[in-house]
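# Architecture at a glance
Chain residues, written in single-letter form:
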Amino acid sequence: MTGMHHMLVHFPEAFWALATLLILVGAFLPGRMAELSRAALLPVLVLSLLGALASIVSGSLVWPLEANLASPMVRNHILMALWSLGLYAMLTVLVWRAGDAAFDGARRWVLVLLALIGGLLFATTGTLGGHLAGAPTRFSDLLRLTGWEVYTTFYSPLWVITVMVLIGLACGALGIMTRRQAR
Ligand code: HEM
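Below is a short write-up of the structure.

What counts and how
- Residues numbered from 1 in each chain as written.
- Predicted model: local features only at pLDDT ≥ 70, side-chain atom pairs only at ≥ 80, totals over all residues.
- Heavy atoms only, no water.
- Donors = N, O, S within 2.8 Å, 3.2 Å for Na, K, Ca; no water.
- Tetrahedral: all angles 85-135°; square planar, octahedral: opposite > 155°, others 65-115°.
- Helix = DSSP H or I, 4+ residues; strand = E, 2+ residues; numbered from the N terminus.
- Buried < 20%, exposed > 50% of the residue type's maximum accessible area, 1.4 Å probe, protein only.
- Axes fitted to C-alpha atoms, helices over the stretch in contact; angles between N-to-C directions.
- Parallel < 35°, antiparallel > 145°, perpendicular 65-115°, else oblique.
- Left-handed = near helix turned anticlockwise from the far one by under 90°.
- Contact = heavy atoms within 4.5 Å.
- Nonpolar A, V, L, I, M, F, W, Y, C, P; charged D, E, K, R; others polar.
- Salt bridge = Lys/Arg side-chain N within 4 Å of Asp/Glu carboxyl O.
- Core = buried A, V, L, I, M, F, W, Y, C linked by side-chain atoms within 4.5 Å.
- Near = heavy atom within 4 Å.
- Polar contact = N/O pair within 3.5 Å; in protein donor to acceptor, adjacent residues only side chain to side chain.
- Phe/Tyr/Trp six-rings, centres within 6.5 Å; stacked < 30°, edge-to-face > 60°.

Turning our attention to the coordination of the iron atom of the ligand. Around the iron atom of the ligand, the protein contributes the donor atoms His5 (NE2) and His77 (NE2), at 2.0 to 2.1 Å from the metal centre. Around the iron atom of the ligand, the six donor atoms sit at angles spanning 85 to 178°, and that spread fits a shape best called octahedral. One end of the pair, His5, is in helix α1 (residues 2-8); the other, His77, is in helix α5 (residues 72-98), with 72 residues separating them in the sequence. By relative accessible area, His77 is classed as buried at 15%.

Okay, here's the thing in structure tokens:
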């Protein structure tokens with residue numbers, strides 16, 4: 001199953017990267033390019049979720065559960081994979097429910113913010129996977145600067161949790177304000 005996981009992980013990683021790029025182009029560029037990016041976004045997001053599910057299933061079959069849970073690096077890899085899945089699932093629902101209006105006005109900033117956070121999450125998932133497979137990258141040096149030692153640390157630093165709670169509150173407030181304005 002190792003080879004299968006190595007092969008399958010390219011699908012969510014590539015589709016998540018593409019979805020992030022499409023959101024940035026759809027939000028910031030004018031004209032035909034932006035229209036095409038917005039139109040392509042939902043199918044790309046749906047494909048990314050299918051790829052992620054296949055990666056999670058194949059990843060779970062690489063090593064026995066006991067081995068996965070005994071390693072801080074695998075635990076972080078699983079955690080980041082699930083966070084990435086959750087974030088891009090949320091983006092998929094937002095884009096699906098809002099349809100053409102997903103990029104209207106201030107709404108685009110929600111997509112941009114989520115896409116940038118998603119970019120960090122899936123890059124971290126991939127870089128931890130690379131360490132597990134014996135192919136470390138310089139991206140982990142960036143993680144180290146945040147206080148995260150990829151070989152040992154299994155926790156979210158307090159500032160990360162604080163930022164996540166603040167983002168959640170800001171998104172909730174933004175949603176309530178936008179709904180009030182729409183009435
Ligand atoms: C969206 C989900 C996931 C993504 C994108 C992902 C990504 C990756 C990547 C990029 C690699 C390195 C492969 C290579 O260098 O060719 C990797 C390796 C690995 N992943 Fe995942 N992964 C995911 C989910 C999981 C899950 C849920 C588990 C465990 C429950 C897991 C366990 C592993 C293990 C054990 C390796 C090392 C395999 C080896 O021995 O070479 N992965 N993953």
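Orientation of helix α3 (residues 31-60) relative to α5, taken along the N-to-C sense of each, is 155°, at an axis distance of 10 Å. In this view, α3 runs roughly antiparallel relative to α5, as classed from their interaxial angle. The element α3 and its partner α5 pack so that their crossing is left-handed. For the pair formed by α3 and α5, the contact residues are Leu41, Leu42, Leu45, Val46, Leu49, Ala52, Leu53 and Ile56 on the first element and Leu82, Leu85, Tyr88, Ala89, Leu91, Thr92, Val95 and Trp96 on the second. Across the contact of α3 with α5, the residue classes tally to 15 nonpolar, one polar and no charged.

Further remarks concern the pattern of salt bridges. Taken as a whole, this structure holds four salt bridges when the rule is applied. Ionic pairing is found between Arg144 and Glu149, a salt bridge with its closest N-O pair at 3.0 Å. Overall, the relative accessible area of 26% leaves Glu149 in the partly exposed class.

All right, on to the nonpolar core then. Of all hydrophobic cores here, the largest spans 29 residues; its most connected members are Ile23, Leu41, Leu45, Tyr88, Leu91, Phe103 and Leu111. Contributing elements (two or more residues each) for this core: α2 (10-28), α3, α5 and α6 (107-132). Once you skip the residues sitting within four places of it in the chain, Phe103 turns out to touch Ile23, Gly26, Ala27, Arg38, Leu41, Arg108 and Leu111.

This next bit is on the site of the ligand. Contacts to the ligand come from 23 residues, most closely from His5, His6, Val9, Glu13 and His77. For the ligand, an oxygen atom lies 2.9 Å from a polar atom in the side chain of His6. Between the ligand and the protein, one listed contact pairs a nitrogen atom with a side-chain N or O atom of His77 at 2.8 Å. Secondary-structure elements contributing two or more residues to the shell around the ligand are α1, α2, α3, α5 and α6.

For the coordinates displayed, the defined rule picks out four aromatic pairs. Judged by centre distance (6.3 Å) and plane angle (35°), the ring pair of Trp16 and Phe122 falls under tilted. One end of the pair, Trp16, is in helix α2; the other, Phe122, is in helix α6, with 106 residues separating them in the sequence. On the basis of relative accessible area, Trp16 is assigned to the buried category, the value being 3%. Classification of Phe122 by relative accessible area gives buried; the value is 11%.

That's the geometry; what it means functionally is another story.
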